[in-house]
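Residue-level listing of the chains:
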Amino acid sequence: MLDIKLIRENPELVKQRLATRGRGDEARVAEIATLDEKRRKLATESDNLKSERNKVSKEIGVAKSKGQDAGPSMAAMKQVGDKIAALDQEIATVEAQLQNVLLVIPNLPHESVTVGKEAADNPEMRRWGTKTEFAFQPKPHWEIGEKLGMLDFARAAKISGSGFILYKGVGARLERGLINFLLDLHTTQHGYTEIFPPFLIKRDAMIGTGQLPKFEEDMYRLRDDDLYLAPTAEVPVANLHREEILREDQLPINYCAYTPCFRRESGAAGRETRGMIRVHQFDKVEMIKLVKPENGYNELEKMTANAEKVLQLLGLHYRVILLCTGDMGFTSAKTYDIEVWAPGQNSYLEVSSCSNTEEFQSRRANIRFKDAQGKNRFPHILNGSGTALARLYVALLETYQQADGSVKLPEVLASYLGGQTHIC
RNA sequence: GGAGAGGUGGCCGAGUGGUUGAAGGCGCCGGUCUCGAAAACCGGUAUAGGCUCAUGGUCUAUCGAGGGUUCGAAUCCCUCCCUCUCCGCCA
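Residue numbers here run from 1 along each chain, matching the order of that chain's written sequence. To label them, take the chains in the order written and letter them from A, then take the ligands in the order written and number them from 1. Per-residue local features are limited, in this predicted model, to residues with pLDDT of at least 70; the limit for side-chain atom pairs, both in listing and counting, is 80 or more; totals at the level of whole chains, interfaces and linings are taken over all residues. Side-chain measures were taken over the full set of non-hydrogen atoms in the model, leaving aside hydrogen atoms and water.

Caption draft 1: Fine view of the overall build of chain A. A count of helical and extended segments in chain A gives 12 helices and 16 strands. Overall, the C-alpha framework of chain A stretches about 100 × 45 × 40 Å when taken along its three principal axes. Partitioning the contacts of chain A with sequence separation of at least 6, the portion at a separation of at least 24 is 73%. Each accessible area value is a Shrake-Rupley result obtained with a 1.4 Å probe; residue values ignore everything except the protein chains displayed when judging cover. About 19900 Å² of surface is accessible on chain A, with carbon and sulfur atoms providing 48% of the total. Positive charges come from Lys and Arg, negative ones from Asp and Glu, while His and the chain ends are left out of the count. To locate a charge, take NZ of a lysine, CZ of an arginine, CG of an aspartate or CD of a glutamate. For chain A, the centre of its 57 positive side-chain charges and the centre of its 58 negative side-chain charges are spaced 2 Å apart. Elements are defined by DSSP. Helices are runs of H or I of four residues or more, strands are runs of E of two residues or more, and each kind is numbered from the N terminus. Contacts are assigned to residue pairs with any non-hydrogen atoms lying within 4.5 Å of each other.

Listed below in structure tokens is the structure:
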């Protein structure tokens, strides 16, 4: 959520920066300003009446204790009370309207983000490794995995429909091993504290991290209980400190968490339907940081490096791109995507997205910290995949496939696979 | 799921309709004292919003959440949430 004071005091700046996203959100700034002004005017009026009522009510108390008649004052205050009730009703309506708009306005892009319209405008920051050379035509992961008995898409569909994965035997063990590999890496090498959160999420928490109210149709919801399936660990973990005032010495907070991620992919029907590149349920290890605002962008670089380390250790070729203003997510002020090379697809796959949401989420979730001057401030909240599992799995199978159809996985995974890295 | 108890400021804990934003204690900050520290004593110590702006002032709201009664609600009524104890059920 944007700071209403910023909109009030600097509407032109807000409009300009929203415009760089190319979604027309800047058109609603005037509407916000109008509602804000209306609310303040009504509130002032109401506050003045309340002040009068408080004062007179005290006098009534004093008069009554002395045995004096306070009838006329009481009648007058009854009138005032009715006026207050009417005003407060009106205020609540305006407030709700204001919130409705404010909650669907995206974050302002950071100055360092390239202005652009779409994915094609995203600048590439760097590459690591090279595309694997094959002496044969590399196969897609679904062929490799099904032949080796690691993956069974047909039976997954039998249970849950299309867009679900069933891992089997060593395939299941690889998924489990990768989760442990990632958590071990981030907790022991990168200084993150592991969290294992609930997967069912209350509506308030979904609003806190920005999935709601705007992206309701992308979320799985349990209608009987008004709970949502976590679309990413970012939601439960970033909400962990909601409504709290942290001490400055608690920052930075670095959390990482494994969760399955549930996504309806409602707008993506027909896209990448084959295999496990776009699915309704996938595993992910997520990194979340709460940091002092002055460290936000430094920490974003560190977090991105932490995600890159995963691919480096696994020997997977990747590139890092900076999302341009038009391609960035709703909550983000700056995002790096890491894309791993998948030879069987002959394309790069997004396995990580590292973002600084600045104060956007901390303001929504009302997470603050008390600084050295005793002032409460909003920390920057960052999130980054470290990494998404399904696509990492794809890259591993496709990169390390052999001519005979077997797969030779990197040695760093040996201890997670009972020593077996050659799957055949 | 059933029965009961309870949710008050950073913490503990008073408070059943009238200057209660809230006693008291602890903690914390500042000061006095001291060579220094402790003790003692004095003072201060919530959050959000509006107006005003002189680092200040002022008004409003907030005692789990929301609604109601009343001139006036932490205190009374209703709904919901959460915690604890016992029973049931269950992995």
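Structure's up, so let's keep going.
Caption draft 2: Summary view of the pattern of salt bridges. By definition, a salt bridge exists where a carboxyl oxygen of Asp or Glu is found within 4 Å of a side-chain nitrogen of Lys or Arg. Across all of its chains, the model carries 25 salt bridges by this definition. When the shortest N-O distance is used, the salt bridge between Glu 124 and Arg 319 registers 4.0 Å. With a gap of 195 residues between them, Glu 124 in strand S1 (residues 124-128) and Arg 319 in strand S9 (residues 318-322) connect regions that are remote in the sequence. Here Glu 124 falls in the partly exposed class, since its relative accessible area comes to 36%. Relative accessibility decides the category of a residue: with a 1.4 Å probe and only protein chains considered, values under 20% of the type maximum give buried, values over 50% give exposed, and everything between is partly exposed. Take Arg 319: its relative accessible area is 21%, and that puts it in the partly exposed class. For the salt bridge of Asp 371 with Arg 377, the shortest nitrogen-to-oxygen distance reads 3.7 Å. For Arg 377, a relative accessible area of 26% puts it in the partly exposed group. When salt bridges with common partners are traced through the structure, they connect Arg 8, Asp 36, Arg 39, Arg 40 and Glu 95 into a single cluster.

Caption draft 3: Highlighting the pairing of strand S7 (residues 253-262). Across the 10 residues that make up S7, a large majority, 10, are buried. Two strands make a pair as long as DSSP finds a minimum of two bridges between them. Pairing geometry for strand S2 (residues 193-195) and S7, over three bridges, is parallel. Residue Ile 195 lies in a different strand from S7, and its bridge partner there is Ala 257. In this sheet, strand S8 (residues 281-291) lies alongside S7 in antiparallel orientation, the contact comprising 10 bridges. Pairing of Thr 259 across the sheet is with Lys 284, part of S8.

Caption draft 4: The arrangement of helix H6 (residues 153-160) in detail. The definition of a polar contact used here is a pair of N or O atoms within 3.5 Å, where within protein one atom must be able to donate a hydrogen and the other to accept one, and adjacent residues in sequence count solely through side-chain atom pairs. Regarding H6, its N-cap is Asp 152, as a side-chain oxygen of that residue lies 3.4 Å from the backbone nitrogen of Ala 154 further along. Backbone geometry just after H6 places Gly 161 at a positive phi near 100 degrees.

Caption draft 5: Region of the structure containing the protein's contact with RNA strand B. The cutoff for a nearby residue is simple: one of its non-hydrogen atoms must lie within 4 Å of the molecule or strand. Taken together, 19 residues lie near RNA strand B, and Arg 8, Thr 44, Ser 57, Arg 368 and Lys 370 sit nearest. Those atoms of RNA strand B that come within 4 Å of the protein belong to sugar or phosphate at a rate of 73%. Between RNA strand B and Arg 8, the relevant distance is 2.7 Å, taken from a phosphate oxygen to a side-chain nitrogen or oxygen of the residue. Contacts to RNA strand B include Ser 51, whose side-chain N or O atom sits 3.1 Å from a sugar or linking oxygen. Broken down by secondary-structure element, the contributors of at least two residues to the surface near RNA strand B are helix H1 (4-9), helix H3 (29-65), helix H4 (71-102) and strand S12 (368-370). With 11 residues, the top contributor of residues to the surface near RNA strand B is H3.

Caption draft 6: Region of interest: helix H10 (residues 296-313). Between the first and last residue of a helix there are one fewer steps than residues, each counted as 1.5 Å, and that sum is the expected span. If you check H10, its first and last C-alpha atoms are 26 Å apart, about what 18 residues at 1.5 Å a residue would give, namely 26 Å. One or two positions beyond H10, positive phi appears at Gly 315, with a value near 65 degrees.

Caption draft 7: Spatial organisation of the sheet that holds S1. Here eight strands make up an open sheet; going across it, the order is S1-S9-S10-S11-S14-S8-S7-S2 and the pairing mixed. With one partner strand each, in any of the chains shown, S1 and S2 form the two edges of the open sheet. Neighbour-to-neighbour, the strand axes of the sheet open up by a mean angle of 25 degrees, direction not taken into account. Pairing of S8 with strand S14 (residues 380-388), which is carried by seven bridges, proceeds in the antiparallel orientation. What sits directly across from Val 291, in S14, is His 380. Note on definitions: angles span 0 to 180 degrees between N-to-C directions of axes, and those axes are lines fitted to C-alpha atoms, for helices only across the stretch in contact. Here helix H7 (residues 170-188) sits on the sheet and contacts S2, S7, S8 and S14; the angle it forms with S8, its principal contact strand, is near 10 degrees.

Caption draft 8: Up close: empty space enclosed by the protein. Both cavities and pockets are sets of points on a 1 Å grid over the protein atoms alone; in a cavity a 1.4 Å probe fits but cannot get out, in a pocket the set is open with protein on both sides within 12 Å along at least five of seven lines, and lining residues sit with an atom within 4 Å of a point. Grid points are joined across faces, edges and corners, and a volume is the space filled by probe spheres set on the points. The tally for this structure, following the rule as stated, stands at one cavity of 30 Å³ or more. Of the voids in this model, the largest cavity is the one considered here, and its volume is about 40 Å³. Lining the largest cavity we find Lys 139, Ile 144, Lys 147, Gln 401, Gln 402 and Gly 405. Any residue that is not Ala, Val, Leu, Ile, Met, Phe, Trp, Tyr, Cys, Pro, Asp, Glu, Lys or Arg is counted as polar, Gly included; the first ten are nonpolar and the last four charged. Of the residues that constitute the lining of the largest cavity, the class distribution is one nonpolar, three polar and two charged.

Any link to function would need more than the numbers given here.
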